[in-house]
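Listed below, chain by chain, are the residues.
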Amino acid sequence: MLNDKIAAMLNDQINKELYSAYLYLDFANYYADEGLDGFAHWYEVQAQEERDHALMLRRYLINNGHRVVFEAVAKPDKTFKTHLDPLEAGYEHEQYVTSLITGIYHEAFEQKDYRTMQFLDWFIKEQGEEETNADDMVKKYKLYASDAKGLYALNQELLGRVYTPSATGPAM
Ligand code: FEO
């Protein structure tokens, strides 16, 4: 059994990951509406990865004898004035998620819950990649998308993102 506080934090993180999926699908909705199918696709793939993160946390709790309880997923309420806005919001959001994962890791450390620390190691590494990817999106947009040709090329590049199920994630 896990410590109740850690179990509650992990349960809450499921909600946060599902919200991330919802948020990124909202970004995809915006880009689809703007005619940028590559950007929309990139965020649809990102949403799938976020759902995977939620499922990993759910499975970990179940495997450790905890009843998972779902809360309501908040409505994404960001409004965008430019095509850059969602990219910057995405980077900011990933930094926030990193702080949440770090918070759970810290609590696991305090409680000497080595099993949860080991489980979260994958998420710690993943958050490093998530932040880098989100920051790269901002940088690429600023570098290449200042004219229609550049925006078109970047959109085409983003269409190539392939969803890979998180088989390399923590043991289910
Ligand atoms: Fe599940 Fe993008 O962090």
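For every chain, the first residue of the written sequence is number 1, and numbering continues from 1 along that sequence. The model is predicted, so local features are restricted to residues of pLDDT at least 70 and side-chain atom pairs to those at 80 or more, both for listing and for counting; the totals for chains, interfaces and linings are taken over all residues. Heavy atoms from the whole structure form the basis of all side-chain values; hydrogens and water molecules are not counted.

Chemist: Quick question: what am I supposed to make of the overall build of the chain here?
Modeler: Helix numbering and strand numbering both begin at the N terminus, where a helix is a DSSP run of H or I of at least 4 residues and a strand a DSSP run of E of at least 2. Within the chain, the regular secondary structure consists of five helices and zero strands. The linear arrangement of helices and strands in the chain, starting from the amino end, is α-α-α-α-α. Each radius of gyration reported is based on C-alpha atoms, and the globular scaling rule is 2.2 Å times the count of residues to the power 0.38. In terms of C-alpha radius of gyration, the chain reaches 17 Å, essentially the compact-globule figure of 16 Å for 172 residues. Dimensions of the chain, computed from the C-alpha atoms along their principal axes, are close to 55 × 30 × 25 Å.

Chemist: Is there a simple way to explain the nonpolar core in this structure?
Modeler: Across soluble globular proteins, you tend to see nonpolar side chains buried next to one another. The biggest cluster of nonpolar side chains holds 25 residues, and the ones touching the most others in it are Phe27, Tyr31, Phe39, Tyr43, Leu87 and Tyr141. Breaking this core down by element, the ones donating at least two residues are helix H1 (4-33), helix H2 (37-63), helix H3 (84-110), helix H4 (114-144) and helix H5 (148-158). For this core, the leading source of residues is H1, giving eight residues. Contact between two residues is taken to exist if any of their heavy atoms lie within 4.5 Å; hydrogens are not considered. Look past the residues within four positions of phenylalanine 27 in its chain and what remains in contact with it is Tyr43, Phe80, Pro86, Ala89 and Gly90. Definition of nonpolar core: a set of buried residues of the types Ala, Val, Leu, Ile, Met, Phe, Trp, Tyr and Cys, connected through side-chain atoms within 4.5 Å. For every residue, the accessible area obtained with a 1.4 Å probe (protein chains only) is divided by the maximum for its type, and the residue is called buried under 20%, exposed over 50%, and partly exposed between those limits. Core analysis: the next-biggest nonpolar cluster, separate from the first, contains 20 residues, Leu2, Val97, Met117 and Leu120 among them.

Chemist: Can you walk me through the pattern of salt bridges in this structure?
Modeler: Where side chains of opposite charge bring their charged atoms close, a pairing between them can arise. The rule for a salt bridge is simple: a side-chain nitrogen of Lys or Arg has to be within 4 Å of a carboxyl oxygen of Asp or Glu. In total, this model carries eight salt bridges according to the counting rule given. We note a salt bridge from glutamate 157 to lysine 140, for which the minimum N-O separation is 2.7 Å. Here glutamate 157 is found in helix H5, whereas its partner lysine 140 is found in helix H4, with 17 residues between them in sequence. Judged by relative accessible area, which is 45%, glutamate 157 ranks as partly exposed.

Chemist: How should the side chain of histidine 66 be read in this particular structure?
Modeler: Mapping histidine 66 onto the fold places it in the loop between H2 and H3. Here a polar contact is taken to be a pair of N or O atoms separated by no more than 3.5 Å, where protein atoms must pair a possible hydrogen donor with a possible acceptor and residues adjacent in sequence count only if both atoms sit in side chains. One polar contact links the side chain of histidine 66 to the main-chain amide nitrogen of leucine 2, over a distance of 3.3 Å. Setting aside chain neighbours within four positions, we find histidine 66 in contact with Met1, Leu2, Asp4, Ala7 and Leu61.

Chemist: What is the right way to read unusual backbone geometry from this model?
Modeler: Negative phi is the rule for most residues except glycine; trans is the rule for most peptide bonds. If you check the backbone angles, lysine 112 has positive phi at about 55° while not being a glycine. Tracing the backbone shows lysine 112 in the loop between H3 and H4.

Chemist: What's the story with H4 in this structure? I'm lost.
Modeler: Counting along an α-helix, one turn takes 3.6 residues, and residues three or four places apart therefore face a common direction. How far a helix is expected to stretch is found by multiplying one less than its residue total by 1.5 Å. The first and last C-alpha atoms of H4 sit 45 Å apart over 31 residues, in line with the 45 Å expected at 1.5 Å per residue. The term bend refers to the angle at a residue between two fitted axes, each drawn through seven residues, those ending there and those starting there. The principal kink in H4, of about 35°, is found at leucine 120.

Chemist: In this structure, what is going on with the environment of leucine 159? I would like to understand it.
Modeler: Looking at where leucine 159 falls in the secondary structure, it is placed in the segment after H5. Among residues more than four places away in sequence, those in contact with leucine 159 are Asp37, Gly38 and His41.

Chemist: Looking at this model, I keep getting lost on H5. Mind explaining?
Modeler: Every buried residue of H5 is listed here: Gly150, Leu151, Leu154, Asn155 and Leu158. Buried residues of H5 fall within an arc of 135° about the axis and therefore sit on the same side. Those residues of H5 that are exposed and aimed more than 90 degrees away from the buried face are Ala148, Lys149 and Tyr152. Those residues of H5 that are buried lie in contact with H2 and H4. Arc definition: directions from the helix axis to the C-beta atoms.

Chemist: Could you clarify how one ought to interpret the side chain of glutamate 107 in this entry?
Modeler: With respect to the helices and strands, glutamate 107 occurs in helix H3. The exposure class assigned to glutamate 107 is buried, which follows from its relative accessible area of 11%. Contact partners of glutamate 107, with chain neighbours within four places excluded, come to Lys5, Ile6 and Met9.

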